Each structure stands twice: as structure tokens, then as C-alpha cells.
Amino acid sequence: AGGMGAIVIGGDFVVDAATAIAESFGLSDTLIGLTIVAMGTSLPELVTSVVAARKGEADMALGNVIGSNLFNILLVLGLAGAISPMEVLMENVIDGIILIGMSCIVWIFAWCKKEISRLEGVAMIACYAVYMGYICIR
């Protein structure tokens, strides 16, 4: 319970501080959401997935990632839209297309050999780095 509380408090601290710094540099809300907020809110998932993978509980690690994405897309976005309709910008549509494409690639990685290898993991990290570069320059 203490660890869970520390993760929540730490995540809030990271998101709040990083957002304040980014806003002071004049970065857009979309860029802040796609980078700082996304990373800050995903830190607990990262820790959970790494610990599960190191313990050999791959189902837990993969289930955590898939479940979190489905929860965020369907419940969080759905509830936010139900409460207050949101305008969708073209750059957000492009981000959605990238999300779908990368999800298909991960599915192919997992389906072909029934595992995600280190090389594939490094490839996914590289794709994320390229995506971060893309959203910073657009």
C-alpha cells in the first residue's frame, strides 16, 4: 500500500513539475500530453511490467500494457468525451494512425514467435524515439 501510494504521489509530482517546466518553454498542450503526461502516468505501468517480466510472468506484463491501453482509449477517452465533447485535431488523427500501426507491429511480433525478443524490444524503443522526434518537430 505504501509503495502504491508513493507511485501515485511520485507520478503526480513528475507530471505537475514537468508540465510547469514545459509550459514555461511555450510547448503546446498536445506535445505536453503526448510526452510528459503520458510518460508520468505510465511510470507505474513501466515498473509493474518490468518487475513482472523479470519474474517470468509475461502474461502479467503484456496484460498490464494491453489492459491499460484499452482502459485509456475506451473508458478514459470515452468518459471524457461523454462529459465534455472534444475537438479532434488532424495531428491527433495521425497519432491514432501511428498507434494502430504500432499495435499491429507488436501483435505480429508476439504472434510469429509467441514472444517479444530483445531485438524487437530495442526496435520498439527506437520507434518510440523516432516518434518523439516527430512530435517535437511537427
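For the structure given in this document, a descriptive report is provided here. No experiment lies behind these values; they were computed from the predicted model shown. (Residues numbered from 1 in each chain as written. Predicted model: local features only at pLDDT ≥ 70, side-chain atom pairs only at ≥ 80, totals over all residues. Heavy atoms only, no water.)

What follows concerns the overall build of the chain. Summing up its helical and strand segments, the chain has 5 helices and 0 strands in all. Each helix and strand of the chain, ordered N terminal to C terminal, gives the series α-α-α-α-α. Each principal axis of the C-alpha distribution contributes one length, and for the chain these read about 45 × 40 × 30 Å. Taken across its 138 residues, the chain has 16% of its residues classed as buried. Long-range pairs, those at least 24 residues apart, make up 51% of the contacts in the chain between residues at least 6 apart in sequence. In the form shown here, the chain has an accessible surface area of approximately 10,000 Å², with 74% of it arising from carbon and sulfur atoms. The positive charge centre, built from 6 side chains, and the negative charge centre, built from 12, are 16 Å apart in the chain. (Helix = DSSP H or I, 4+ residues; strand = E, 2+ residues; numbered from the N terminus. Buried < 20%, exposed > 50% of the residue type's maximum accessible area, 1.4 Å probe, protein only. Contact = heavy atoms within 4.5 Å. Areas by Shrake-Rupley, 256 points an atom, 1.4 Å probe, with all protein chains shown as cover. Lys, Arg positive; Asp, Glu negative; His and termini not counted. Charge placed at Lys NZ, Arg CZ, Asp CG, Glu CD.)

A few words now on helix α4 (residues 90-113). Its 24 residues place the ends of α4 36 Å apart at the C-alpha level, agreeing with the 34 Å of an ideal helix rising 1.5 Å per residue. Directly after α4, the chain includes Lys114, whose backbone phi takes a positive value near 60°. (Expected span 1.5 Å × (residues − 1).)

Moving on, we get to the side chain of Asp95. Position of Asp95 among the secondary structure elements: in helix α4. Judged by relative accessible area, which is 10%, Asp95 ranks as buried. Aside from chain neighbours lying at most four places away, what touches Asp95 is Leu34, Tyr131, Tyr134, Ile135 and Arg138.

Our next topic: the state of the cysteines. Considering all chains together, one arrives at 0 disulfides under this definition. In this structure Cys112 is not part of a disulfide, and its nearest cysteine sulfur, from Cys104, lies 12 Å away. Residue classification places Cys112 among the exposed positions, given a relative accessible area of 58%. Left without a disulfide partner, Cys136 is nearest to the cysteine sulfur of Cys127, which lies 16 Å away. (Disulfide = S-S within 2.5 Å.)

Attention shifts here to the packing of aromatic side chains. This structure, assessed with the given rule, holds 2 aromatic pairs. Note on Tyr131 and Tyr134: the rings are 6.3 Å apart at their centroids and 35° apart in plane angle, and the pair reads as tilted. Highlighted residues: Tyr131 and Tyr134, both in helix α5 (residues 118-137), separated by 3 residues, approximately one helical turn. For Tyr131, a relative accessible area of 14% translates into the label buried. (Phe/Tyr/Trp six-rings, centres within 6.5 Å; stacked < 30°, edge-to-face > 60°.)

Under the 1.5 Å per step criterion, the end-to-end length of helix α1 (residues 2-24) is 33 Å for 23 residues, consistent within 8% with the ideal 33 Å. Taken residue by residue, α1 has Gly11, Val15, Thr19 and Ala22 as its buried positions. Those residues of α1 that are buried are in contact with α2 (29-54). The positive-phi residue at the C-terminal boundary of α1 is Gly26, with phi of around 80°.

The next thing to look at is the environment of Ser42. Along the polypeptide, Ser42 turns up in helix α2. Residues Ser42 and Gly11, spaced 31 residues apart in sequence, show a C-alpha to C-alpha distance of 8.4 Å. Reaching out from Ser42, the side chain makes a polar contact with the backbone oxygen of Ala38 at a distance of 2.8 Å. (Polar contact = N/O pair within 3.5 Å; in protein donor to acceptor, adjacent residues only side chain to side chain.)

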